[in-house]
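Residues per chain are reported as follows:
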Amino acid sequence: MSSDIDIRMALRAYQKIVELGEKRGNKHYYKGISAYSDLDGYNVDLTDDKVTLSINFHSKYNLDYKSALDKDEFMEKLQKIDNIKAK
């Protein structure tokens, strides 16, 4: 688990993906990221094709990636989504 992950930013990005994205099944898709939450909302997954960020209760998280470049690109995607102004 890395300490450089801004969980609040990631959760804001999750909310924007849900609001702005396309729903397919139990996931929402927006700008290359899929977002999923379990029924009670305690667990959130954000995924692209190379990285998965799982956020659990009390802001504990797991970040699964193969390379630092993949992780950095994923975090940039989340930051860009977070920076989108609400309509």
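Residues numbered from 1 in each chain as written. Predicted model: local features only at pLDDT ≥ 70, side-chain atom pairs only at ≥ 80, totals over all residues. Heavy atoms only, no water.

Novice: Got a minute to help me understand the packing of helix H1 (residues 7-20) against helix H2 (residues 68-83) in this structure?
Specialist: Helix-helix packing is characterised by the crossing angle of the two axes and by the distance between the axes. Taken N-terminus to C-terminus, the directions of H1 and H2 make an angle of 65°; their axes are 8 Å apart at the nearest point. With respect to H2, the axis of H1 lies roughly perpendicular. The hand of the H1/H2 crossing is left-handed. Every residue of H2 that contacts H1 at Met 9, Ala 10, Arg 12, Ala 13, Lys 16 and Ile 17 is listed here: Met 75, Leu 78, Gln 79, Ile 81, Asp 82 and Asn 83. Looking at side-chain class alone, the contact of H1 with H2 contains seven nonpolar, two polar and three charged residues. (Axes fitted to C-alpha atoms, helices over the stretch in contact; angles between N-to-C directions. Helix = DSSP H or I, 4+ residues; strand = E, 2+ residues; numbered from the N terminus. Parallel < 35°, antiparallel > 145°, perpendicular 65-115°, else oblique. Left-handed = near helix turned anticlockwise from the far one by under 90°. Contact = heavy atoms within 4.5 Å. Nonpolar A, V, L, I, M, F, W, Y, C, P; charged D, E, K, R; others polar.)

Novice: Just to check I follow, could you spell out H2 for this structure?
Specialist: Think of an α-helix as 3.6 residues a turn; residues three or four steps apart then line up on the same face. Here H2 is 16 residues long and its end C-alpha atoms lie 22 Å apart, about the 22 Å a rise of 1.5 Å per residue gives. Of all the positions in H2, only Asp 70, Lys 71, Phe 74, Met 75, Leu 78, Ile 81 and Asp 82 are classed as buried. Projection of H2 onto a plane perpendicular to its axis shows the buried side chains occupying an angular sector of 130°, all on one side. Summarising the geometry of H2, the exposed residues directed more than 90 degrees from the buried face are Leu 69 and Lys 80. At its buried positions, H2 is contacted by H1, strand S2 (27-30), strand S3 (33-37), strand S4 (44-47), strand S5 (52-55) and strand S6 (61-64). (Expected span 1.5 Å × (residues − 1). Buried < 20%, exposed > 50% of the residue type's maximum accessible area, 1.4 Å probe, protein only. Arc of directions from axis to C-beta.)

Novice: Just to check I follow, could you spell out the pattern of salt bridges for this structure?
Specialist: Two side chains carrying opposite charge are able to pair once their charged atoms lie near each other. Taken as a whole and judged by the stated rule, the model has four salt bridges. The salt bridge involving Glu 22 is made with Arg 24; its shortest N-O contact spans 3.3 Å. The class of Arg 24 is partly exposed, set by a relative accessible area of 44%. (Salt bridge = Lys/Arg side-chain N within 4 Å of Asp/Glu carboxyl O.)

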